[in-house]
Amino acid sequence: MLTLYGQELRSRMLLGTARYPSPSILADAVRQAGTEVVTVSLRRETAGGRQGGAFFELIRELGVRVLPNTAGCYTVSEAVLTAKMAREVFGTNWIKLEVIGHHDTLQPDVFGLVEAARILASEGFEVFPYTTDDLVVAERLVEAGCKVLMPWCAPIGSAMGPQNIAALRTMRAHFPDVPLIVDAGIGRPSHATTVMELGYDAVLLNTAVAGAGNPALMAAAFAQAIDAGHAAFEAGMLEPRDMAVPSTPVIGKAVFS
Amino acid sequence: MTMRVLVKGAGVAGLAVARELVSRGADVTVAEPEPGFAAAASWYAGGMLAPWCERESADESVLTRGRGAVDWWDRALPGEVRRNGTLVVALPRDAGELKRFASRTSGFQWLDTDGVAALEPALAGRFRQALFFPEEAHLDPRRALSLLGERLAAQGVAFVRDEDDGRFDLVVECTGASKIGSLEGLRGVRGEMLYLETDELELSRPVRLLHPRIPLYIVPRGDGLFMCGATMIERDDAGPITARSLMEFLNAAYALHPAFAEACVVETGTGVRPAFPDNLPRVLRAGNTIIVNGLYRHGFLLSPALASEAAGLVLGEQDRREIF
């Protein structure tokens, strides 16, 4: 069981809701993956003052927990305001906090992120910060009140997969008791398996599923890959070595060569 | 006895339905409370008849039902349809986007630099690779709506502001986004567009610039006018274009060709496209009312097929084909 802010979850796959060919296909993907948490961008869909709307209604009808996000926010005040709007719209204290610092790579502004996390945590929000794999920033976020960390493994939507395994490993070792979710950069199921094998608690995906030729089938593939990686971590894996180790004993054979 | 039919809504769906009904001998009245055609989402459409390109993200049925649209519009409005294909390009760093687009679509040819230059001299040397969809076509939606309205009027269709349903045998409702809230599952998807004007470059066909975040299409309207579109935002308000959307459009247009930097922004516009959860249109029947709705971003592409289905229902010609 995965526990995020006291909420027990069976599925270790969190799914974004943007850019699917249609809401029906999004719903299929959620069902196929058995996802229990979906993220929703507030900013673009509510600009202009209208809250809610038919798309949010469709999201609510999925019957899964909603993790609203502050995607598209570049400043602390924008992110805080969006988080408050999200609380109104979806009636949840959960917020996936994004404060973007760089237009091209969508790299988080980690200084703004820590500041916004502190403000939101003090106002009762349960913050899921989208951060880099920087250890010191992660410590600051935990100090600010975050009980979950969501490092990228590559830039959002890049599909590059884990770029810095050593940093991800260090982060896992340094925060053994904080749920760690790889958010952003995963392109294919094997990437998800890789980070789960490192002992990560969950994976958050969007583009890799929404942009697939058959999103629902890809969602199912990711769900299996994530479960496989997690089971492998739990089972304990062999360390690689530089010589063959036959699985059948050779002692006692007629020719020993 | 001639069947008397009221078509509500003078957007592309309503006019296409009216044409199909008239051609089958019905007595048709079109009711549209707003003057002209500017109230319809189709007034802000790109006017691309591009079922092969749309297949990138749309269901197979959009291709199968949209295939006949080019001929339909050509018959309805001779001389208005330009059958010279669609060009799809990507910036060098987004070359992967072209591959992805190609893997989802069919009916295209790969072009190299020379191939692009031969089709669109203004883009010579700018793209090393492109996709060309030769069977696709485009038209000017505003001319098309106005001309189709005129032709229908000449064929005896009455255009009125408001009409009493009771005087008709059947009503066909093609009122698009105004049904949001009353038609189950219908939602609005906001689309923003703008018109640029420049005499510094010429294009002869729609060009789609693929980009992972900001896809853009530019449709030449002639006389130095270019229509740029269109955002897809899950929201049903038709308020003015946002600064972000405008900035992204202009950036993308400039990336397609720097001459757009000196173009004048002569118009911006916003429309709300009606869509069902699967983004596919429906022809529904409730008693003496037939509803045609949910055309999403495929108004000009799918109206002909839907109009034919609706007219078949109205005049009792419905065979056992599945209507949805």
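Attention in this report is confined to the structure presented alongside it. All values derive from a computational prediction rather than experimental measurement.

## A word on the sheet that holds strand S8 (residues 158–160) of chain B
Residues and elements named next belong to chain B. With mixed pairing, six strands are arranged side by side in an open sheet as S8-S2-S1-S9-S16-S15. A strand with exactly one partner marks an edge of an open sheet, and here the two such strands are S8 and strand S15 (282–286). Across the sheet, the mean angle from the axis of one strand to that of its neighbour is 20 degrees, orientation sign disregarded. The pairing of strand S9 (residues 170–173) with strand S16 (residues 289–293) spans three bridges and is classified as parallel. Bridging from a neighbouring strand, Val-172 pairs with Ile-290 of S16. Together, strand S1 (4–8), strand S2 (27–31), S8, S9 and S16 form the strand contacts of helix H1 (residues 12–23), whose direction differs from that of S1 by roughly 165 degrees.

## Thoughts on the nonpolar core
Counting residues in hydrophobic clusters, the biggest one holds 78 residues, and the most contacted among them are Met-13 and Leu-205 of chain A. No other element matches the seven residues that helix H4 (residues 76–90) of chain A contributes to this core. Not counting chain neighbours up to four residues away, the residues in contact with Leu-205 of chain A comprise Met-13, Leu-14, Leu-15, Gly-16, Ile-186, Phe-222 and Ile-226 of chain A. Formed by 51 residues, the second largest nonpolar core is a distinct cluster that contains Ala-18, Phe-37, Ala-45 and Ala-311 of chain B.

## Here's the deal with the side chain of Arg-65 of chain B
Residue and element names in this part refer to chain B. Residue position: Arg-65 is located in helix H3 (residues 60–66). Owing to a relative accessible area of 14%, Arg-65 belongs among the buried residues under this scheme. Polar contacts involving the side chain of Arg-65 include one to the side chain of Glu-309, which spans 2.9 Å.

## So, helix H8 (residues 189–197) of chain A
Of the positions making up H8 of chain A, those classed as buried are Pro-189, His-191, Ala-192, Thr-193, Val-195 and Met-196 of chain A. Check the buried side of H8 of chain A and you find it contacts helix H7 (165–174), strand S9 (181–183), strand S10 (202–205) and helix H10 (215–235) of chain A.

Parameters and conventions
Residues numbered from 1 in each chain as written. Chains lettered and ligands numbered in written order. Predicted model: local features only at pLDDT ≥ 70, side-chain atom pairs only at ≥ 80, totals over all residues. Heavy atoms only, no water. Pairing = 2+ DSSP bridges. Helix = DSSP H or I, 4+ residues; strand = E, 2+ residues; numbered from the N terminus. Axes fitted to C-alpha atoms, helices over the stretch in contact; angles between N-to-C directions. Contact = heavy atoms within 4.5 Å. Core = buried A, V, L, I, M, F, W, Y, C linked by side-chain atoms within 4.5 Å. Buried < 20%, exposed > 50% of the residue type's maximum accessible area, 1.4 Å probe, protein only. Polar contact = N/O pair within 3.5 Å; in protein donor to acceptor, adjacent residues only side chain to side chain.

Bear in mind that shape data such as this cannot, by itself, settle questions of function.
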